[in-house]
Each structure stands twice: as structure tokens, then as C-alpha cells.
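Descriptive structure summary
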Amino acid sequence: MTDTQAPVQRPDARGRIDTLADDGSFVEFGSQARHHVTAFGLADKRPDGDGVVTGTVTVDGRPVALFAQDPTALGGSLGEVHAQKIAMVQDKASRGRIPVVGLLDSGGARIQEGVAALDGYAHIFHRNVRSSGRVPQISVVLGPCAGGAVYSPALTDVVIMARDRAHMFVTGPKVVKAVTFEDVSLADLGGADVHSTTSGVAHLVADDAEGALELTRRVLSYLPSSAWEEPPLAAPVPPEAMPEIPTDHRQPYDVRDVIRGIVDGGSMLELSEAFARNIVTSFARMDGRPVGVVANQPSVLAGCLDIAASEKAARFVRLCDAFGLPLVVLVDVPGFLPGTGQESAGIIRKGAKLLYAFSEATVPRATVILRKAYGGAYIVMNSRNIGADAVYSWPGAEVAVMGAEGAVDVLYRRPIAEDPASRPEYLAKYKAEALRPDLPNEILSVDETIDPGDTRRVLLGTLNAVRGSLEPGFRHDNLPQ
Ligand code: HXC
């Protein structure tokens, strides 16, 4: 080996646990558990622990149940005993009301064990679902995750992938080739980039295992140990300066700068950042308390809601609601994305998920309309009558059934057809009558128009005032969207 060559890193399940856990906190069980299979020469291959390390740790002082698959023992493949150990981790978490973290790195169902291995997965999936919304479940994919095995991560709350070794797919490249004749690489089929940008499977991506475990610690820092507890507190940090946003509604800006002007400095952790970028979903803190932020992103698709954005935000809202994180919703939305593509792909059915998620949420939740909120998208984005505790607007914000351009062509189609030059006049009339910024305040759709610089103070006051509504306990599950 020359000086410039890095040593090959062997994945090391115990080392990974040590990276995640507080020093000296790991309490192991089942280290001597082994399969009793004799077929296919397995009698000679009976590694201690059966390819998975299981136990409990503390992370930042809080107990967490975890398992780490060991790819150096039978490829981390999952047989009956391996599955039983993971199920015991899940049962401990469910009984003790503590989070479960899974470090996945496995060749999948242990082929020699046949249907017993498949049934082992079924045990795990069943427990994933029964724990959903009760204890936080985090899947950290650090290596291969193939076949139906991907459905355990998909049932959990947050999926984190390590770019260097992780891939997830239901059928691997060889099967794809055999069935569809398509040549595709592991990375293109199920690498971290595909799953963080296109499929939306991965919520967070790091370069390697160490980065993924660091992200795991961060995710845990926003979530309570269970639905029966409150989210953990941190020291309050002042926000960044509130930016000025363009008044021209067609001018884009990055709504994340507005979020940074509201939440504690450095506290944002965006989930699914590169997927459905027209909506931002982010954990953050305000005065040290975790919150969930949902915000339309005007710099992507003008902030329109589409199927991907609706599903992404719906799952996030349900996650926050299940675990008692108040919701801050920033609205700048021209409507649902129009077109045959969206309609035929089911925007009615899928957009309803976000409407359902907000309507169902019982956590404190407040909305700020930054520039505009039109049509169904206005209603969906945490409006007053679907249960927002308060709705504020920034000066000049418009709330209407639709923007002026679309409206005049419906309302004044005949006179404009007779005299096309009259269109600007009708536009001005509509703007003056229907887009009057004080109209929503008159009918209490908007509680108050506030100064942008006062947004954090007003939101904190609102959320704190209704914090008594946050009754710890099971609210609902976190159904995959
Ligand atoms: C039994 C397995 C195994 C498996 C790997 N091994 N996967 N043994 N069942 N599923 C064993 C190998 O035989 C080898 O044993 C050792 O683990 C290390 O594997 P290698 O191939 O040498 O390692 P590597 O080159 O790093 O490749 C890792 C891998 C590859 C990419 C994961 O092993 C692989 O493609 N495995 C099969 C993946 C797969 O198709 N799994 C089934 C998916 S279907 P020795 O003795 O030589 O060291 C599925 C259904 C789940 O999982 C359904 C749930 C409902």
C-alpha cells in the first residue's frame, strides 16, 4: 500500500454502534444467539450473534433500542434467529417507550433458510406498524437493502442513507435485466441520490456511515422518546436576520431564508430536501423547543402544490403530529399544479392526503401567509377552518379563489372577447375588489397582519398559548404516504 492509498474500511457493526452511542452505554443481548440450520452447509457457518448486533444504548443521555446488521457475518443476511433478535429490540422499545434505530447492511433474506427467513421479515414489519406513531423509528441504511427487506425502512419514520455503500431496491439489477432487458447500475437503480431526489424514499443522505450516524443523533434530538413524552429541550438561540422578500409575486426567493429568520439559529434539519423541492419540510427549534416547519418554496415550480409535494408534506405533518411537535406553516402558493399529468396521476386523491393530515392534526399549529394563498391550496395549507390555531399574513398578502389573470377570463369572458383592450381594466377591478389585502382579516380568515420582523415573536406567543392542548399520548400512526 502506498502512502496515498486509504486502508479498505470493513463495515464494523459494533464500531457503528459506538459511533452513535454515548460512551460506554451499550448493553448487548443475544451475542451468542446462533441458527441451527444444517442445510446447504450452514452447520459450519454459525457466527455468534447470527449476523446482527442488538441491544440498548443511550444517545445524548436518552435510552434507544437498536440493532446493527453485520455484513461480515453471513453477509448480514436475515434468518430466523437474526429476525427474532430484531423483533426483540422492537419489543423492548415498544414496552419501554423508547426509539428504535436500525443500522441496515444486509444481503437480505438468508437464502438457505427459505420461507423461515421471509417469515422473519414479516415479524419485523408487523412490529414496525404496531409501533408506528408510538415510538420514533429510524432506519439508517449503510449497505445493501434488497428485496422486500426495504419495506421495514419504508414503514419507519425517517430513512437515512449513506451514499458510499447504501442501496435499496425491491428487485436488483440482474432481475431487472432478466425481466425488462434494462441495463441499470446499482447506484442508478437504488443509490442514495435516486432515493433522495426522485423516489423520495430517503429523507436524509450522508456521504458515509459516520455522517449518517451523526444525522441519526440530530434526528433523535427533535423527537420525544415516545408519543407519551414531550420532545427534548435545547438552549434557545436567536434567529438569523429576517430577509426582505420580493413584492412582485412572480419573483422567486428561497423560503428557507424566511424560516431561518424565524427559528433558532442553526436549528433547521430539512427532511427530503432534494425531493419535491416545491415544498420545504424541516425540523427546527423555537426558543429551544422542537417544531415542524412546512413552507411553500416559490423558487421551485413557483411553490405550486403537486402530488409529490402533497405526499411529502402529508407524511411530515403526520410525523410531527404523532410526536407532539407544533407546526409552523409558511404559505406562498399560487395553487395546485394544473395539467393532465397531475390530474391523471391522481392529484385529487393524493392532494387530499395533505388536507387530511392538517385537518387531523391536534398539535399547536400556526400559519403565516407571506405573499399569496389561492384556491384549494389556501385551504389545504393549514387554513383557519381546517383547524389552525392562528393565521397571520404579511402586509400586502393576497388570499383569493384565484389570481387576477385566471379570474377575469372566467368572470368577464364575454366583454373581454368583444373588446380585448378592456382586459387591463377588468384586471384592475378584480385586484381592487377581490384581492384587497384586508378582506380576509374582515372575516377572520386571517387573525392579524403582522410585520415580518415580528413573525417569530407572534408565532412563539401563539404556540405557547395553546401548548396546553398538547396532551402526551398516542394520537395516530404514521402511515407511509
Ligand atoms: C445467504 C448471503 C446472502 C443471502 C450474502 N450472503 N447475501 N447468504 N443469503 N441473502 C453471503 C454470501 O454468500 C457470502 O458468504 C457472504 O454473505 C458475503 O457476501 P458477498 O457476496 O461475498 O459480499 P459482497 O461482495 O460484499 O456482496 C454483498 C451483496 C451480495 C451485494 C449483499 O452478497 C448479494 O447480492 N447478495 C444477495 C442479495 C439478494 O438478492 N438477496 C435476496 C433479496 S430478496 P461466504 O460464505 O462466501 O462468505 C429478499 C427478500 C426479502 O431479501 C423479503 C422480505 C419480505
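Scoring rules and cut-offs
- Sequence order as written defines the numbering, with residues in each chain counted from 1.
- Reporting in this predicted model follows two pLDDT cut-offs: at least 70 for local features of residues, and 80 or more for side-chain atom pairs to be given and counted; totals over whole chains, interfaces and linings ignore these cut-offs and use all residues.
- To get the side-chain values, take all heavy atoms of the structure and skip hydrogens and water.
- For this description, a residue counts as near a given molecule or strand if any of its non-hydrogen atoms is within 4 Å of it.
- We define a polar contact as two N or O atoms separated by no more than 3.5 Å, with the added condition that, inside protein, one atom must be a possible hydrogen donor and the other a possible acceptor, whereas residues neighbouring each other in sequence contribute only through side-chain atom pairs.
- Only the protein chains shown count as cover for residues, with accessible areas throughout obtained via the Shrake-Rupley method and a probe of 1.4 Å.
- By definition, any uninterrupted DSSP run of H or I lasting at least four residues is a helix, any uninterrupted run of E lasting at least two residues is a strand, and each is numbered from the N terminus.
- A pair of strands is considered paired only if DSSP assigns at least 2 bridges between the two.
- Lines fitted to C-alpha atoms define the axes here, with helix axes fitted over just the stretch in contact, and angles between the N-to-C directions of these axes take values from 0 to 180 degrees.
- What makes two residues a contact is simply this: any of their non-hydrogen atoms within 4.5 Å.
- A carboxyl oxygen of Asp or Glu within 4 Å of a side-chain nitrogen of Lys or Arg is what we treat as a salt bridge.
- The buried label applies to any residue whose accessible area, calculated with a 1.4 Å probe on protein chains only, is under 20% of its type's maximum; exposed applies above 50%, and partly exposed to all values in between.
- Between 65 and 115 degrees an angle is taken as roughly perpendicular, under 35 as roughly parallel, over 145 as roughly antiparallel, and anywhere else as oblique.
- UniProt positions are given in the numbering used here, feature names are shortened, and annotations may be inferred rather than shown by experiment.
- A domain assignment, automatic or from a database, supplies the domain bounds used here.
- Summed over both partners, the accessible area lost on bringing two parts together, with a 1.4 Å probe, is the buried area.
- Residue polarity is assigned by list, with Asp, Glu, Lys and Arg as charged and Ala, Val, Leu, Ile, Met, Phe, Trp, Tyr, Cys and Pro as nonpolar; anything else, Gly included, falls into the polar class.

Moving on, we get to the site of the ligand. Taken together, 18 residues are adjacent to the ligand, and Lys45, Gly107, Ala109, Ile111 and Gln112 come closest. Ala109 is positioned with one of its backbone polar atoms (N or O) 2.8 Å from an oxygen atom of the ligand. Against a free-state accessible area of 1000 Å², the protein chains account for coverage of 48% of the ligand. Sorting the residues of the shell around the ligand by element identifies helix H3 (115–131) and strand E6 (144–146) as the ones contributing at least two each.

The mixed open sheet is built from 7 strands, whose spatial order is E1-E2-E3-E4-E5-E7-E9. Each of the sheet's edge strands pairs with one partner strand only, and the pair in question is strand E1 (27–29) and strand E9 (204–206). Geometrically, the sheet is characterised by an average inter-axis angle of 20° between neighbouring strands, direction not taken into account. Bridge count between strand E3 (residues 62–69) and strand E4 (residues 100–104): 4 bridges; the pairing is parallel. Following the sheet pairing, Ala65 is matched in E4 by Val100. The sheet strands contacting helix H2 (residues 80–96) are E1, strand E2 (52–59), E3 and E4, and the helix crosses E2 at an angle near 20°. Where helix H8 (residues 209–220) meets the sheet, its contacts fall on E2, E3, E4, strand E5 (137–141), strand E7 (158–162) and E9, and the angle it forms with E7 comes to roughly 160°.

Under the criterion given, the structure shown has 31 salt bridges. Across the salt bridge formed by Asp332 and Arg371, the nearest N and O atoms sit 2.9 Å from each other. Note that Asp332 is positioned in strand E13 (residues 327–333) and Arg371 in strand E14 (residues 365–374), a separation of 39 residues in sequence. An identical accessibility class is assigned to Asp332 and Arg371; each is buried. Residue Lys372 is joined to Asp332 by a salt bridge in which the shortest nitrogen-to-oxygen separation is 2.5 Å. Placement of Lys372 in strand E14 and of Asp332 in strand E13 is noted, with a sequence separation of 40 residues between them.

Moving on to unusual backbone geometry. Excluding glycine, residues mostly carry a negative phi; peptide bonds, for their part, are mostly trans. If you check the backbone angles, Phe181 has positive phi at about 65° while not being a glycine. Among the secondary structure elements, Phe181 is positioned in the loop between helix H5 (173–180) and helix H6 (186–190). Notably, Leu444 is not glycine yet its phi reads approximately 65°, a positive angle. For Leu444, the position within the fold is in the loop between helix H17 (439–442) and strand E17 (448–449).

The relative placement of two packed helices comes down to the angle between their axes together with the axis-to-axis distance. Following both chains from N to C, one finds H2 and H3 inclined at 10°, their axes separated by 8 Å at the closest point. Classed by the angle they form, the pair H2 and H3 counts as roughly parallel. For the pair formed by H2 and H3, the contact residues are Glu80, Ala83, Ile86, Ala87, Gln90, Asp91 and Ser94 on the first element and Ala116, Gly120, His123, Ile124, Arg127, Asn128 and Ser131 on the second.

On to the UniProt feature "domain: CoA carboxyltransferase C-terminal" (unreviewed entry) in the protein chain. Sequence positions flagged by UniProt for "domain: CoA carboxyltransferase C-terminal" (unreviewed entry) are, in local numbering, residues 238–465. Here residues 238–465 runs as 39% helix and 20% strand, with 20 Å between its end C-alpha atoms.

Before going further, it helps to examine the domain arrangement of the protein chain. Partitioning the protein chain into domains gives domain 1 (13–222) and domain 2 (255–397 + 437–469). Computed over C-alpha atoms, the centres of domain 1 and domain 2 are 33 Å apart. Across the boundary between the two partners, domain 1 contributes 22 residues, which contact 19 residues of domain 2. Of the roughly 1500 Å² buried where domain 1 meets domain 2, counting both sides, 60% is carbon and sulfur surface. Along the contact surface separating domain 1 from domain 2 lie 0 salt bridges. Linking domain 1 with domain 2 are 6 residue pairs in polar contact (both at pLDDT 80 or more). Put simply, the parts of the chain that give the side of domain 1 that touches domain 2 at least two residues each are helix H4 (151–155), helix H7 (192–197) and H8. With 3 residues, the single largest contributor to the side of domain 1 that touches domain 2 is H8. Its residues placed into classes, the side of domain 1 that touches domain 2 shows 10 nonpolar, 9 polar and 3 charged.

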